[in-house]
Amino acid sequence: MNNRYNSIILFSVLLISNATFTQNILTGYVYEKHKEAGRVHFEPLVGASVYWKDSQKGTTTDANGKFKLTTIPETNYLIVSFVGYKSDTLRIVDGQNNIKIVLESIQVLNEVEVTARQKAEHIDKLNPIKTEIITNTGLQRLACCNLSESFENSGTVDVNYSDAVTGAKHIQMLGLAGSYTQLLGENMPLLQGLAYSYGLTYVPGTWMQSIQVSKGTSSVINGFESITGQINAEFKKPHLSDPLFLNVYANNEGRGEMNLDIAQKISENFSIMTLLHTESQLLKQDHNHDHFLDIPLSKQLNVFQRFNYEKEGKLHFQYGIKILLDDKTGGLASFNPKTDKNSQQKYGIGINTQRFELITKHGFILPRHETSIGIQIAGAYHIQDAFFGLNNYNADEKSLYANLIYHSYLFKEDQKIDLGSSFNASLLDEKMKVSNLDTLFNMNNQTVGIFAQYTYDYQKIITLMFGFRADYSLLYGMIYTPRLHFKYEINENTTLRLSGGKGTHFAYPVAENLSYMVSARKWYFLNPIKPEQAWNAGLSFSHKIKINDEKSIQIVVDAFRTEFTSQVVVDNVSHPQKVSIYELTGRSYSNSYQINLTANPIKHLDLTLIGRYNDVQQSYTSHLIQKPLVVPFKALFTVSYATRYEKWLIDITTQWNSSASLPDYSTNPNAYQIPSSAPAYTMIFVQLTRRFKQWDAYTGVENLLNYTQHHPIIAPDDPFGNYFDASMVYAPIMGRLFYIGIRYKLTKS
């Protein structure tokens, strides 16, 4: 085994050979300029086109508004453009290698009064992997207090409560569990293993600059985990952020939070930033009168300290330290943890979490044209102590991640190559106590891998990306990951994308399914745990109909299929009092179809209409059935309107979710049975924002129609009996919710 490790490491080192010759690289940032009620500020413009005049050489700006482009002898005129903004042509003089560009909206008054705002969501035009980018504007359309609340406007990602007691939420993509979606923070692992069940609430919404969502298998550079898709959160950067940002939020259910961001430029190259988040759920809520709290009482403190050092065209270092303290107490409204914990007096739950992370990123730009080396390293220590009635779960996980990436071109500039090696280590200790089981689980897994990715770009018309990984795991042996992506720019307004490949997921059957601990279910482990593997293939077609320079209609059609070759089945379906964990013996697959229609029919008005169908089938004890708790049909309609100068903004989102099948509970006593299917329901979200010179005031309502699931807890009158179950959640638990908040921003001078 040591020889195998040595061979892989030696091969990785040999990949980083470098022949050098000098060509100039131009780097820069593109910003959009706003003046709202007398306040001028700048935001990174994501996806702006940057190209040399009279040539096919160009690129687009990333999530930070940044671009890199090689100078060419044919021209020294650079064109920068973005839909809805004035294009700009700049003359680049010899020796100039760093620029900043500010674009202004086409719709202006007295040259500065902007009446259009950044798109809330758009598709990365040049990426062969279909990637939807949710911008900062999109994140502010609703009061997204954390990552789990950032997708209410999305048809791609579904969010729902995991159970009716802990307040935890989970996501689905392509109709499959969020554990099959790779969750990244700035292209590094964000939430996995022990952090998965409650981790979506650990990422404050105000920390994020944008979110990139891609369906299906993604780039092999980031690992083999992506099966149904990838979600990457880009956080605010010290050198690009405003000096001060404050957000204060409160709702009528007793939840309050405060976010404070402070950025400071220490020197020309060095910047620091502190992101502070604190929140509390202070009031007890029991709207359905089952004597259980609808959401637990909670307190959270979350700190992210960032450091950034950059020499343009030479190197870029980033460091970060995260500290999270989170405590939740719930269950019966009368539960007192000091006297009732681990007793049959009153049912309660408690979840105490401590998480510490260290993140480093090092980028080196080499003399060879478009050549760089990136080194990513992250370590985390996660401690979780939890009890659910008489069930107990105590665990801690130590993890380490490292990724080495060499980027250059192969033969010609239109052929890019990425080579590298990665290392993952996870040491997870779990102590689990339920009615039929009191045991320890220890998982010590280390995985080392190498990867190569080739990208051929023919004049921005045809892009072909092929990637391959080979990883060796101490527990599971060799894992091979091939992936292929193809993009064809049929014309300026029409694009076709195809993708296919394989993904692998290391299952954590307990840590990823803690919602079943909030029940009287007995747990049975019937097979050894093996890696989950699936093939995914997808097609995406987009077409834009231009009405004029300011108005357009865009249609996007997606179709994806996921087929598992191996899967760990967490069976909560075959028996209402059991959770059985075993290896898939039949078939398991998902077909997902989606159509998006976006339009801006009149000035200041943006409309989105989304329709989606998920067909998800899974075998339980060899019987193939429609997977319960998966909504087959979903429709989404959003309206966003801004008055002149963006003084007033109104955003309305309407979701319709179809009926979904539910597990069979017919063996329960009549009082503790549930319907065979969940009813369809509609949710409406409304937010109104008023912008002033230095601050914004916003107010809104969630779940305007006040729809909630009737009796989300089975047997609430007998929580220590055999039929208690709070994990069968298919609809909202919280009713109509009103909120208010303010945002204050001190912009750069």
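Residues numbered from 1 in each chain as written. Predicted model: local features only at pLDDT ≥ 70, side-chain atom pairs only at ≥ 80, totals over all residues. Heavy atoms only, no water.

Of regular secondary structure, the chain possesses four helices and 45 strands. Compactness check: the chain gives a C-alpha radius of gyration of 26 Å against a globular reference of 27 Å for 749 residues, within 12% of the reference. Considered along the principal axes of its C-alpha atoms, the chain spans approximately 80 × 65 × 45 Å. Counting every position in the chain, which comprises 749 residues, the buried fraction comes to 57%. Taking the contacts inside the chain whose residues are at least 6 apart along the sequence as the reference set, 65% of them involve residues at least 24 apart. For the chain, the accessible area works out to roughly 30100 Å², and carbon and sulfur atoms hold 57% of it. Taken as two groups, the 68 positive and 68 negative side-chain charges of the chain have centres that lie 3 Å from each other. (Helix = DSSP H or I, 4+ residues; strand = E, 2+ residues; numbered from the N terminus. Rg over C-alpha atoms; globule rule 2.2 N^0.38 Å. Buried < 20%, exposed > 50% of the residue type's maximum accessible area, 1.4 Å probe, protein only. Contact = heavy atoms within 4.5 Å. Areas by Shrake-Rupley, 256 points an atom, 1.4 Å probe, with all protein chains shown as cover. Lys, Arg positive; Asp, Glu negative; His and termini not counted. Charge placed at Lys NZ, Arg CZ, Asp CG, Glu CD.)

On to the packing of aromatic side chains, then. Centre-to-centre distance and the angle between the planes together describe a pair of aromatic rings. Counted under the stated rule, the structure contains 23 aromatic pairs. Ring geometry for Trp207 against Phe304: centres 5.7 Å apart, planes inclined by 40 degrees, an arrangement best described as tilted. With Trp207 in the loop between helix H3 (196–199) and strand E16 (208–215) and Phe304 in strand E21 (residues 297–311), this pair connects stretches of sequence that are 97 residues apart. With relative accessibility at 1%, the residue Trp207 sits in the buried group. Residue Phe304 is classed as buried on the basis of its relative accessible area, which comes to 3%. (Phe/Tyr/Trp six-rings, centres within 6.5 Å; stacked < 30°, edge-to-face > 60°.)

Reading across from one edge, E31-E35-E34 is the order of the three strands in this open sheet, with mixed pairing throughout. Edge positions in the open sheet fall to strand E31 (522–525) and strand E34 (568–571), since each of these has one partner strand only. With direction set aside, neighbouring strand axes in the sheet form an average angle of 10 degrees. By the bridge criterion, four bridges tie E34 to strand E35 (residues 578–583) in an arrangement that is antiparallel. The partner of Val569 across the bridge, within E35, is Tyr582. (Pairing = 2+ DSSP bridges. Axes fitted to C-alpha atoms, helices over the stretch in contact; angles between N-to-C directions.)

Together, Tyr458, Ile461, Tyr488, Ile490, Leu498, Leu539, Phe541, Val557 and Ile595 make up an exposed nonpolar region whose accessible area comes to about 680 Å². Mapped by element, the contributors of at least two residues to the nonpolar patch are strand E29 (477–491) and strand E32 (532–546). Inspection of the secondary structure puts Leu498 in strand E30 (residues 494–505). (Patch = residues over 30% accessible without salt bridge, like charges linked within 9 Å, V, L, I, M, F, W, Y side chains within 5 Å. Salt bridge = Lys/Arg side-chain N within 4 Å of Asp/Glu carboxyl O.)

Another point: the environment of Gln655. Following the sequence through the fold, Gln655 ends up in strand E40 (residues 648–657). Judged by relative accessible area, which is 5%, Gln655 ranks as buried. Residues Gln655 and Asn153, spaced 502 residues apart in sequence, show a C-alpha to C-alpha distance of 8.5 Å. Apart from the residues lying within four places of it in its own chain, the contact partners of Gln655 are Glu152, Lys634, Ala635, Leu636, Tyr681, Thr682, Met683 and Phe685.

This paragraph deals with the pairing of strand E12 (residues 169–173). Within E12, four of the five residues are buried, which leaves it mostly tucked inside the rest of the structure. Sheet topology places strand E11 (residues 157–161) next to E12; five bridges connect them, and they run antiparallel. Bridge assignment links Val159 to a residue of E12, and that residue is Ile171. Where E12 meets strand E13 (residues 176–177), two bridges bridge the pair, whose relative direction is antiparallel. Paired with Gln172 across the bridge in E13 is Ala177. In this structure, the hairpin formed by E12 and E13 is closed by a connection of two residues, where Leu174 is found at a positive phi of approximately 60 degrees.

Turning next to the pattern of salt bridges. Summed over all chains, the structure comprises 29 salt bridges. The salt bridge partner of Asp558 is Lys130, with a shortest N-O separation of 2.6 Å. Taken together, the positions of Asp558 in strand E33 (residues 552–566) and Lys130 in the loop between strand E9 (121–123) and strand E10 (131–134) put the pair 428 residues apart, joining distant regions of the chain. Look at the salt bridges and you will find they share partners, linking Lys130, Glu132, Lys215 and Asp558 into a network.

Along the chain, Arg355 turns up in strand E23 (residues 348–365). At 3.1 Å, the side chain of Arg355 forms a polar contact with the side chain of Glu357. Of the polar contacts made by the side chain of Arg355, one reaches the side chain of His382; its length is 2.9 Å. The contact partners of Arg355, leaving out residues within four places of it in the chain, are Leu190, Ala195, Lys322, Ile323, Leu324, Ala380, Tyr381 and His382. (Polar contact = N/O pair within 3.5 Å; in protein donor to acceptor, adjacent residues only side chain to side chain.)

Tyr347, Phe388, Tyr393, Met517 and Trp523 are the most contacted members of the largest nonpolar core, which totals 47 residues. Elements supplying a minimum of two residues to this core: E23, strand E24 (372–388), strand E25 (391–410), strand E26 (412–434), E34 and E35. The next biggest cluster of nonpolar side chains, apart from the first, holds 27 residues, and it includes Ala195, Trp207, Ala233 and Phe235. (Core = buried A, V, L, I, M, F, W, Y, C linked by side-chain atoms within 4.5 Å.)

Let's shift gears to the side chain of Asn445. Here Asn445 is to be found in strand E27 (residues 437–458). Judged by relative accessible area, which is 6%, Asn445 ranks as buried. Among the polar contacts made by the side chain of Asn445, one reaches the side chain of Ser473 at a distance of 2.8 Å. At a separation of 3.4 Å, a polar atom in the side chain of Asn445 contacts the main-chain amide nitrogen of Leu475. For Asn445, the contacting residues outside a window of four places in its chain are Asn424, Ala425, Ser426, Ser473, Leu474, Leu475, Tyr476 and Phe506.

Moving on, we come to the sheet that holds E13. Strand order in this open sheet of three strands is E11-E12-E13, and the pairing throughout is antiparallel. On the outer flanks of this sheet lie E11 and E13, each paired with one strand and no other.

To continue, consider the confidence of the model for the chain. Confidence in the prediction of the chain, expressed as mean pLDDT, is 89, and 92% of residues score 70 or more. Low pLDDT, under 50, characterises residues 7–23; the predicted model gives this stretch 30 contacts beyond four residues in sequence or across chains. A low-confidence stretch, residues 107–116 (pLDDT under 50), is modelled with 27 contacts involving residues beyond four sequence positions or located in other chains. (pLDDT = per-residue confidence, 0-100.)

This paragraph deals with the environment of Asp261. Note that Asp261 resides in strand E19 (residues 255–265). We classify Asp261 as buried; its relative accessible area is 1%. Between the alpha carbons of Asp261 and Asp88 there is a distance of 32 Å; along the sequence they are 173 residues apart. Setting aside its immediate chain neighbours within four residues, Asp261 contacts Thr206, Trp207, Lys236, Pro243, Leu244, Phe245, Met273, Thr274, Leu275 and Leu276. Here Lys236 takes part through its side chain, which lies 2.9 Å from a polar atom of the side chain of Asp261.

Leaving glycine aside, a negative phi is the common case for residues, and trans is the common case for peptide bonds. Of note, the phi angle at Leu174 is positive, near 60 degrees, even though the residue is not glycine. Residue placement: Leu174 occurs in the loop between E12 and E13. Residue Leu174 is classed as buried on the basis of its relative accessible area, which comes to 3%. Notably, Glu646 is not glycine yet its phi reads approximately 60 degrees, a positive angle. Mapping Glu646 onto the fold places it in the loop between strand E39 (633–642) and E40. In this structure Glu646 comes out as buried when scored by relative accessible area, which is 1%.

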